Amino acid sequence: MDVKQILKDAGFRFNKQFGQNFLTDGNLLQGIAEDAGICGGNVLEIGAGAGTLTRALSKNADHVVAFEIDRNLEKVLAITLADCPNVKVVIGDVMKYKVQQVEEMFNGDYKLVANIPYYITSPLIMNFVEHGNKVSSMTLTIQKEVALRLAAKPGTKDYGAITVAVDAVANVSITRILPRTLFYPQPNVDSAVVRIDMAKNKHDIADHAMFRKTVKAAFAMRRKTLVNNLMVGFKLQRATAEQLLEQCNLPLGCRGEELSTQQFVELSNALVQMGAN
Ligand code: SAM
């Protein structure tokens, strides 16, 4: 199937605003479906584009729901997915849907697979990580820089609030790096495929809202110590913040970026215990 020709024949114009950089290499698309571990079951795709990844997913899945914001791709998708009866295309902005509404489209759990536009990467990931109840994994083609942040280790420059927020409830691995030359049209950055396997009970988090607030506060001013950031974030006296760190066996001069996810869990559980808010 010559997707570039189909796009041309349909008079399709790429819309930069929607992050339209398509993948056309059949082996790569099949590889992404394999990275996602699709073997029957339900798949949610976000951003169907010309339907190239959708086709690869439909081969291995029982049922695929594919969102696409750009109405101009509807007739292209009607052609490229004509022989994929297990695919349901939803033309619309996925960010306007509650995760729960999306999940109602499936009977049981599902895997999320997407080559997502850069402008919605972080909100989309956080939305499904925080509110997804039936999503078992997410295999996402994203900007390489963001993938490195998601898979970063404590104490490195890439380690940040999003690393900890995702690592607290999931296991992250980078499955492949995709040079920009593999996309049509070619973007200005390289990408990577990241697989996020949900493991909601991986840590014993007493209060998820408090956990999120603790992580946010710890990274609010990266160059400040954790004590200083906690004093600001939770309106604590220095002595109280220092006592908290001692209770959690953390060095008084440490910075948020040095803490592992488990240490963040212990810190936020201690904050819950002391009645902080
Ligand atoms: N899956 C295709 C592929 O791999 O070639 C297309 C990927 S392209 C990077 C991202 C796609 O997401 C575009 O087709 C774009 O129109 C669509 N898109 C962008 N924002 C969206 C949104 N909020 N909801 C649904 N689709 C969106």
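Just so it is clear, the model here is predicted, and its values are computed rather than measured.

## Considering the overall build of the protein chain
Inference 1: Scanning the protein chain from terminus to terminus reveals twelve helices and nine strands.
Inference 2: For the C-alpha atoms alone, the extent of the protein chain along its principal axes is close to 70 × 40 × 30 Å.
Inference 3: The burial tally for the protein chain puts 48% of its 277 residues in the buried class.
Inference 4: Contacts spanning at least 24 positions in sequence make up 68% of the contacts within the protein chain whose residues lie at least 6 apart.
Inference 5: Total accessible area computed for the protein chain in this model is approximately 13400 Å², and 47% of it derives from carbon and sulfur atoms.
Inference 6: Each charge class in the protein chain can be summarised by its mean position, and for the 31 positive and 28 negative side chains these summaries are 6 Å apart.

## Brief notes about the packing of helix α9 (residues 208–218) against helix α12 (residues 261–273)
Inference 1: Packing of α9 against α12 leaves a shortest axis separation of 9 Å and a crossing angle of 115°. With respect to their mutual orientation, α9 and α12 come out roughly perpendicular. Helix-helix and strand crossings are classified by hand; for α9 and α12 the assignment is right-handed. Across the interface between the two elements, Met-210, Phe-211, Thr-214, Val-215 and Ala-218 from α9 touch Thr-261, Phe-264, Val-265, Leu-267, Ser-268, Leu-271 and Val-272 from α12.

## Looking at the environment of Pro-179
Inference 1: Among the secondary structure elements, Pro-179 is positioned in the loop between β7 (170–178) and β8 (183–184).
Inference 2: Taking C-alpha positions, Pro-179 is 9.1 Å from Lys-144, a pair spaced 35 residues apart along the chain.

## Some remarks on the pattern of salt bridges
Pairing between side chains becomes possible if they bear opposite charge and their charged atoms approach one another.
Inference 1: The full count for this structure, using the stated rule, is ten salt bridges.
Inference 2: The shortest N-O distance in the salt bridge between Glu-74 and Arg-71 comes to 3.3 Å.
Inference 3: On the basis of relative accessibility, which here comes to 38%, the residue Glu-74 falls in the partly exposed class.
Inference 4: For Arg-71, a relative accessible area of 54% gives the class exposed.

## Section: the site of the ligand
Inference 1: Around the ligand, 22 residues are found, and the nearest of them are Leu-23, Gly-47, Glu-68, Asp-93 and Tyr-119.
Inference 2: For the ligand, a nitrogen atom lies 3.1 Å from a polar atom in the backbone of Val-94.
Inference 3: Between the ligand and Tyr-119, the relevant distance is 2.8 Å, taken from a nitrogen atom to a side-chain nitrogen or oxygen of the residue.
Inference 4: In isolation the ligand exposes 600 Å². Once the protein is present, 99% of that is buried.
Inference 5: Taken together, the residues that form the shell around the ligand break down as eleven nonpolar, eight polar and three charged.

## Concerning the side chain of Thr-54
Inference 1: Its location among the elements puts Thr-54 in helix α3 (residues 52–60).
Inference 2: Beyond its immediate chain neighbours, meaning those up to four positions away, Thr-54 contacts Glu-45, Ala-48, Val-64, Ala-66, Leu-81 and Val-87.

## Considerations on the packing of aromatic side chains
Inference 1: By the definition in use, this model includes eight aromatic pairs.
Inference 2: Ring geometry for Phe-12 versus Phe-14: centroids 5.2 Å apart, planes at 75°, classification edge-to-face.
Inference 3: Following the ring pairs from residue to residue traces out a cluster consisting of Phe-12, Phe-14, Phe-22 and Tyr-184.

Calculation notes
- Residues numbered from 1 in each chain as written.
- Predicted model: local features only at pLDDT ≥ 70, side-chain atom pairs only at ≥ 80, totals over all residues.
- Heavy atoms only, no water.
- Helix = DSSP H or I, 4+ residues; strand = E, 2+ residues; numbered from the N terminus.
- Buried < 20%, exposed > 50% of the residue type's maximum accessible area, 1.4 Å probe, protein only.
- Contact = heavy atoms within 4.5 Å.
- Areas by Shrake-Rupley, 256 points an atom, 1.4 Å probe, with all protein chains shown as cover.
- Lys, Arg positive; Asp, Glu negative; His and termini not counted.
- Charge placed at Lys NZ, Arg CZ, Asp CG, Glu CD.
- Axes fitted to C-alpha atoms, helices over the stretch in contact; angles between N-to-C directions.
- Parallel < 35°, antiparallel > 145°, perpendicular 65-115°, else oblique.
- Left-handed = near helix turned anticlockwise from the far one by under 90°.
- Salt bridge = Lys/Arg side-chain N within 4 Å of Asp/Glu carboxyl O.
- Near = heavy atom within 4 Å.
- Polar contact = N/O pair within 3.5 Å; in protein donor to acceptor, adjacent residues only side chain to side chain.
- Nonpolar A, V, L, I, M, F, W, Y, C, P; charged D, E, K, R; others polar.
- Phe/Tyr/Trp six-rings, centres within 6.5 Å; stacked < 30°, edge-to-face > 60°.

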